[in-house]
Amino acid sequence: MSQADLTMEGHSAGLTVGPAFSIPTKKLAMWLFIIADTMTFAACLVAYGFLRNGTPNWPRPFHSITNVALMTFILLTSSLTMLIGLRSARAGDKAGAFRWIMITAALGIVFALLHIREWLALIDEGMLMFKNPWGTGLFGASFFSITGLHLTHVTSGVIALIAVGIRYKGGRYNADDIEVLGLYWHFVDLVWMFVVPLVYLLNLSH
Amino acid sequence: MTTTTADAHDKKTGGIGKDLIVYVCLLALAGLQFVIAYQNIDASQMFTRMLAVACVEAGLAELFFMHLWSEKRAFLLFVVIFTVSVLLGMQYGWTDSFRMLVGAAPFSK
């Protein structure tokens, strides 16, 4: 065996080492996406926090917690149904996994509809991106940006749930793909846990 | 996927009972945030308490719903250290921007 062959073998051996942290590549990619997305949301929330603290006439337009409590309950429950879907997929129960994924998607749709209803109610009260009847116009900009970014994630998640669910049922995807999608869905839920106190509960009118 | 694989997954991640317990804990913690919102305390205290509860919630969701607890410890450490260091860096950056903003246009005028 020549020196060149040995070098080539050495290179191949180096390239066939298992994936980083011994987890599947798709899962690692999703985790890296989640970390990057965490930075996006953190940047928005931290900027919002500084704006809120630095602005004297910050509005407190929320009178009731019913809607946001219901939205929180729905999103948390959707995380549980996603987990049940994953367990069904791992157990080889294709019909069960598909059913639970579709239930998760349905809960996501209900969440999005409640969110849009809330937006429309606020717009009806005169709140727009850069003006509102209660105080600084920055409130509308930050509120719509943060909740809009989250709503975009929920909507994308619902579309992904339906697409992956159908492909899983058709045999093109497997339980690992459901797990990767589940990571995204739980992340959307996790972000909401920070959006609720910072954007809604700190702005309740007592 | 065989039942054996499902059993192995259950063994690794703790089964549906554990998921339900975490779900109930998350609901309770979310409820606690709503209780804090109605406490008669100043905004900074309220902010600190709510953020602390949100961090516990996020930790539970990451460790058990996203199964980070059952991954390799090196990966868990990577995610935690990387995320926390970038968030702290961002906090430093934003604080500095705010310091410059306070003495400058447009919000101070």
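Since this is a predicted model, take the numbers as computed values, not measurements.

Enquirer: Run through the overall build of chain B, naming residues and quoting values.
Expert: Of the regular secondary structure elements, chain B holds four helices and zero strands. Listing each helix as α and each strand as β along chain B from the N terminus yields α-α-α-α. Counting only residues that meet the buried cut, chain B has 17% of its 109 residues in that class.

Enquirer: If you had to explain the overall build of chain A to someone new, which residues and values would you point to?
Expert: Looking only at helices and strands, chain A has six helices and zero strands in total. Helices (α) and strands (β) of chain A occur, in sequence order from the N terminus, as α-α-α-α-α-α. Each of the 206 residues in chain A was classed as buried or not, and the buried ones make up 35%. A fraction of 76% describes how many contacts in chain A between residues 6 or more apart in sequence connect residues 24 or more apart.

Enquirer: Would you mind going over the packing of helix 4 (residues 94-124) of chain A against helix 5 (residues 138-169) of chain A in detail, with residue names and values included?
Expert: To characterise two packed helices, one gives the angle between the axes of the helices and the distance between these axes. All names here are of chain A. Contact geometry for helix 4 and helix 5: axes closest at 9 Å, N-to-C directions at 160 degrees. It follows that helix 4 is roughly antiparallel to helix 5 by the angle criterion. Taken as a pair, helix 4 and helix 5 cross one another with a handedness that is left-handed. Contact residues: K94, A97, F98, I101, M102, T104, A105, G108, I109, F111, A112 and H115 in helix 4; T147, L151, V154, T155, G157, V158, L161, I162, G165, Y168 and K169 in helix 5. Among the residues forming the contact of helix 4 with helix 5, the class breakdown is 14 nonpolar, seven polar and two charged.

Enquirer: Tell me about the environment of I34 of chain A, and name the residues and values.
Expert: Residue and element names in this part refer to chain A. Examined against the element boundaries, I34 turns out to sit in helix 2 (residues 25-54). Under the C-beta neighbour-count criterion, I34 is labelled buried, with 20 such atoms within 10 Å. A C-alpha to C-alpha distance of 8.4 Å links I34 and L183, two positions 149 residues apart in sequence. If sequence neighbours within four positions are ignored, I34 has contacts with L183 and F187.

Enquirer: Please set out the nonpolar core residue by residue, giving values where relevant.
Expert: With 61 residues, the main nonpolar core has I178, L183 and V195 of chain A as its most contacted residues. Contributions of two or more residues to this core are made by helix 2, helix 3 (66-90), helix 4, helix 5 and helix 6 (175-200) of chain A together with helix 2 (15-37) and helix 3 (43-65) of chain B. Looking at which element gives the most residues to this core, the answer is helix 6 of chain A, with 19 residues. Beyond its immediate sequence surroundings of up to four residues, I178 of chain A is in contact with G85, L86, A89, A97, I101, V164 and Y168 of chain A.

Enquirer: Which residues make up unusual backbone geometry, and what values go with them?
Expert: The phi dihedral of H67 of chain B is positive, around 60 degrees, even though this residue is not glycine. Topologically, H67 of chain B is positioned in the loop between helix 3 and helix 4 (73-102).

Enquirer: Before we move on, can you summarise the confidence of the model for chain A with the specific residues and values?
Expert: As a general rule, the predicted coordinates of low-pLDDT regions are not to be interpreted in detail. Chain-level statistics for chain A give a pLDDT mean of 89 and a share of 90% at 70 or above. Taken together, the stretch residues 6-10 of chain A has pLDDT below 50 and engages in one contact with residues farther than four places along the chain or on a different chain.

Enquirer: If you had to explain the interface of chain A and chain B to someone new, which residues and values would you point to?
Expert: On the side of chain B, 43 residues touch chain A, which itself brings 38 residues to the contact. Those elements giving two or more residues to the side of chain A that touches chain B turn out to be helix 2, helix 3 and helix 6 of chain A. Among the elements that line the side of chain A that touches chain B, the one with the most residues is helix 2 of chain A, at 10 residues. Among the residues forming the side of chain A that touches chain B, the class breakdown is 27 nonpolar, eight polar and three charged.

Enquirer: Any details on the confidence of the model for chain B? Residues and values, ideally.
Expert: Residue and element names in this part refer to chain B. With 72% of its residues at a pLDDT of 70 or more, chain B has an overall mean of 80. Here residues 104-109 is a poorly scored stretch, pLDDT under 50, and it has five contacts once near neighbours within four places are set aside; other chains count. Our summary of model confidence lists the complex with pTM equal to 0.86 and ipTM equal to 0.86.

Enquirer: Any details on helix 4 of chain A? Residues and values, ideally.
Expert: All names here are of chain A. A rise of 1.5 Å per residue sets the reference length of helix 4, with its 31 residues, at 45 Å; its end C-alpha atoms lie 45 Å apart and thus fit the reference within 8%. The complete set of buried residues in helix 4 reads A97, W100, I101, T104, A105, L107, G108 and F111. The inward-facing, buried residues of helix 4 abut helix 3, helix 5 and helix 6. Directly beyond the C-terminal end of helix 4, a positive phi value near 105 degrees is found at G126.

About the criteria used
Residue indices follow the written sequence of each chain, beginning from 1 at its first position. Chain letters and ligand numbers both follow the written order, the letters beginning at A and the numbers at 1. Two thresholds apply to this predicted model, a pLDDT of at least 70 for residue-level local features and 80 or more for giving and counting side-chain atom pairs, whereas whole-chain, interface and lining totals are computed over all residues. Starting at the N terminus, helices and strands are each numbered in turn, a helix being any DSSP run of H or I of at least four residues and a strand any DSSP run of E of at least two. Here the C-beta atoms are placed from the backbone, and a residue counts as buried if at least 20 other C-beta atoms lie within 10 Å of its own, exposed if 12 or fewer do, and partly exposed otherwise. Residues are scored as being in contact if the C-beta atoms we place from backbone atoms lie within 7 Å. Angular values range over 0 to 180 degrees, each being the angle between N-to-C directions of two axes fitted as lines to C-alpha atoms, with helices fitted over their stretch in contact. Put simply, angles under 35 degrees are roughly parallel, angles over 145 are roughly antiparallel, angles from 65 to 115 are roughly perpendicular, and the rest are oblique. Each crossing gets its handedness from the near helix: less than a right angle anticlockwise from the far helix is left-handed, clockwise is right-handed. The nonpolar class holds Ala, Val, Leu, Ile, Met, Phe, Trp, Tyr, Cys and Pro. Asp, Glu, Lys and Arg form the charged class, and all remaining residues, Gly among them, are polar. In plain words, the nonpolar core is the set of buried Ala, Val, Leu, Ile, Met, Phe, Trp, Tyr and Cys residues that C-beta atoms within 7 Å link up. One number per residue, pLDDT, summarises how confident the predictor is, and it ranges from 0 to 100. Each helix should span, by expectation, one fewer than its residue count multiplied by 1.5 Å.

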